[in-house]
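This is what each chain is made of:
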Amino acid sequence: LRLDTREHLLAGGSEHEQVIIAGQSEKSPLVRMVAGLVDDLEMPPVDEGERLTDRQIGLLRAWIDAGAPWPDGVRLVSTAPVVETEASRKIVAS
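The structure displayed is predicted, hence computed values, not measured ones.

K.L.:
Is there a simple way to explain the packing of aromatic side chains in this structure?
P.N.:
Remark: the centre distance and the inter-plane angle together describe each pair of aromatic rings, the angle taken between the planes. Under the counting rule described, the total for this entry stands at 1 aromatic pair. A centroid spacing of 6.2 Å and a plane angle of 55° characterise the contact between W63 and W70, whose relative ring orientation is tilted. For W63, a relative accessible area of 25% corresponds to the partly exposed category.

Below, the structure is given as structure tokens:
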């Protein structure tokens, strides 16, 4: 699942066809995930950040309900620090 462009966000990933449905936050799996409404799913995963606040979830819902507007040509980049793991070292080495 990639969230760096609107096209990727709307396309979904290998586990989920669409994670947002523009204009319909109540039907968007991403909202259910970040709100903690999906059984056996911790979002974000344990030790990978803090849960969104109710206000942040509300902003996400409002953005989706507004049609998920995204300026043309904009790509998001992560500002999170890179965490090196044994798995990541194997990927880089190959």
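K.L.:
How do you make sense of the nonpolar core when you look at a structure like this?
P.N.:
The nonpolar side chains of a soluble globular protein tend to be buried with one another. Core analysis: the largest hydrophobic core is formed by 12 residues, namely L9, V19, I20, L30, V31, M33, V34, I57, L60, I64, A68 and W70. Contributions of two or more residues to this core are made by α2 (29–34) and α3 (54–65). The greatest single-element share of this core, amounting to 4 residues, is contributed by α2. Not counting residues up to four positions away in its chain, the partners in contact with L60 are L30, V31 and V34.

K.L.:
I tried to follow the side chain of S25 on my own but got confused; where do I start?
P.N.:
Structurally, S25 is set in the loop between α1 (6–11) and α2. S25 gets classed as buried once you look at its relative accessible area, which sits at 1%. The contacts of S25, once residues within four sequence positions are left out, are V31, R61, I64 and D65.

Calculation notes
Residues numbered from 1 in each chain as written. Predicted model: local features only at pLDDT ≥ 70, side-chain atom pairs only at ≥ 80, totals over all residues. Heavy atoms only, no water. Phe/Tyr/Trp six-rings, centres within 6.5 Å; stacked < 30°, edge-to-face > 60°. Buried < 20%, exposed > 50% of the residue type's maximum accessible area, 1.4 Å probe, protein only. Core = buried A, V, L, I, M, F, W, Y, C linked by side-chain atoms within 4.5 Å. Helix = DSSP H or I, 4+ residues; strand = E, 2+ residues; numbered from the N terminus. Contact = heavy atoms within 4.5 Å.

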